[in-house]
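Survey of secondary and tertiary structure
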Amino acid sequence: MHVSPLAVSQHTTPAGVHVLTLRGEIDYNSVAFAGWAFDSGAGDRCAPCTVIDFENVTFMDCSGISFLIRAHRAAQMSDGWLRLASVPPPVRRLLHLVGLDDLMPMYPTLEAALPC
């Protein structure tokens, strides 16, 4: 039995923002779990705006890039947005290399990413 190296918690703020907090590795084996969590909240018409908190992400491969592109498109189709918070330097570098840092706003903390 495979144990996912990724833990996901989620909640919706009083302002209606879906917050996904990721911990661990985002790779081929775990990305479906992140996608399921995103779809269960951000895909809901009640929460088209999502912040993904990367503070405790230790690794991300191209599967994570695909997940973020899909999440960004889904948010746009719902007239919402996707923001990234607390992105660690190795993941930030990967996002920069593929040009996603220009597409998805990144904030230093979860609190900074949430609307006032």
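Scope of this entry: the structure provided in the associated data block. Not measured: the values here are computed from a predicted model.

Okay, the overall build of the protein chain next. The helix and strand inventory of the protein chain stands at four helices and five strands. Helices (α) and strands (β) of the protein chain occur, in sequence order from the N terminus, as β-β-α-β-α-β-α-β-α. For the protein chain, buried positions account for 47% of its 116 residues. Pairs at least 24 residues apart make up 66% of the contacts formed inside the protein chain by residues separated by at least 6 positions. Counting every atom, the protein chain has about 6300 Å² of accessible surface; 58% of that belongs to carbon and sulfur.

This brings us to the pairing of strand S4 (residues 82-85). Of the two faces of S4, the one carrying Leu82 and Leu84 and the one carrying Arg83 and Ala85 are both buried. Two elements, strand S3 (residues 50-60) and S4, share four bridges in a ladder whose sense is parallel. In the strand pairing of S4, Ile52 is matched with Leu84. You can see the chain leave S3, run along helix H2 (residues 62-77) and come back into S4, and the turn it takes is right-handed. Summarising the sheet, S4 and strand S5 (residues 106-107) pair through two bridges and their orientation is parallel. Across the sheet, the residue bridging to Ala85 is Tyr107, located in S5. Assessed by its sense of winding, the connection that carries the chain from S4 through helix H3 (residues 89-97) to S5 is right-handed.

On the secondary structure map, Leu22 appears in strand S2 (residues 18-26). A relative accessible area of 0% means that Leu22 is categorised as buried. Between the C-alpha atoms of Leu22 and Glu55, which are 33 residues apart in sequence, the distance is 7.5 Å. In contact with Leu22, other than residues within four places in its own chain, are Leu6, Ala7, Val8, Ala34, Ile52, Asp53, Phe54, Asn56 and Val57.

Our next topic: the packing of aromatic side chains. The tally for this structure, following the rule as stated, stands at two aromatic pairs. Seen in terms of ring centroids, Phe33 and Trp36 are 6.3 Å apart; in terms of plane orientation they differ by 5°. Their pairing is stacked. Separated by three residues within a single helix, Phe33 and Trp36 lie in helix H1 (residues 31-41), roughly one turn from each other. The partly exposed category is assigned to Phe33, whose relative accessible area is 35%. Between Phe38 and Phe67, the aromatic rings sit 6.2 Å apart at their centres with planes inclined by 85°, giving edge-to-face as the arrangement. A residue pair is termed long-range when its members are at least 10 positions apart, and Phe38 in helix H1 and Phe67 in helix H2 qualify at 29 residues. A residue is classified by how much of its surface remains accessible, and Phe67, at 4% relative accessible area, is buried. A cation over an aromatic ring shows up here: Arg83 above the ring of Trp81, its NZ or CZ 3.9 Å from the ring centre.

Take the environment of Asn29 next. Checked against the element boundaries, Asn29 lands in the loop between S2 and H1. Between the alpha carbons of Asn29 and Leu6 there is a distance of 9.0 Å; along the sequence they are 23 residues apart.

Here is what the cut-offs are and how they apply
Residues numbered from 1 in each chain as written. Predicted model: local features only at pLDDT ≥ 70, side-chain atom pairs only at ≥ 80, totals over all residues. Heavy atoms only, no water. Helix = DSSP H or I, 4+ residues; strand = E, 2+ residues; numbered from the N terminus. Buried < 20%, exposed > 50% of the residue type's maximum accessible area, 1.4 Å probe, protein only. Contact = heavy atoms within 4.5 Å. Areas by Shrake-Rupley, 256 points an atom, 1.4 Å probe, with all protein chains shown as cover. Pairing = 2+ DSSP bridges. Right-handed = clockwise from strand over helix to strand, strands pointing away. Phe/Tyr/Trp six-rings, centres within 6.5 Å; stacked < 30°, edge-to-face > 60°. Lys NZ or Arg CZ within 6 Å of the ring centre and 35° of its normal.

Geometric values such as these leave the question of function open.
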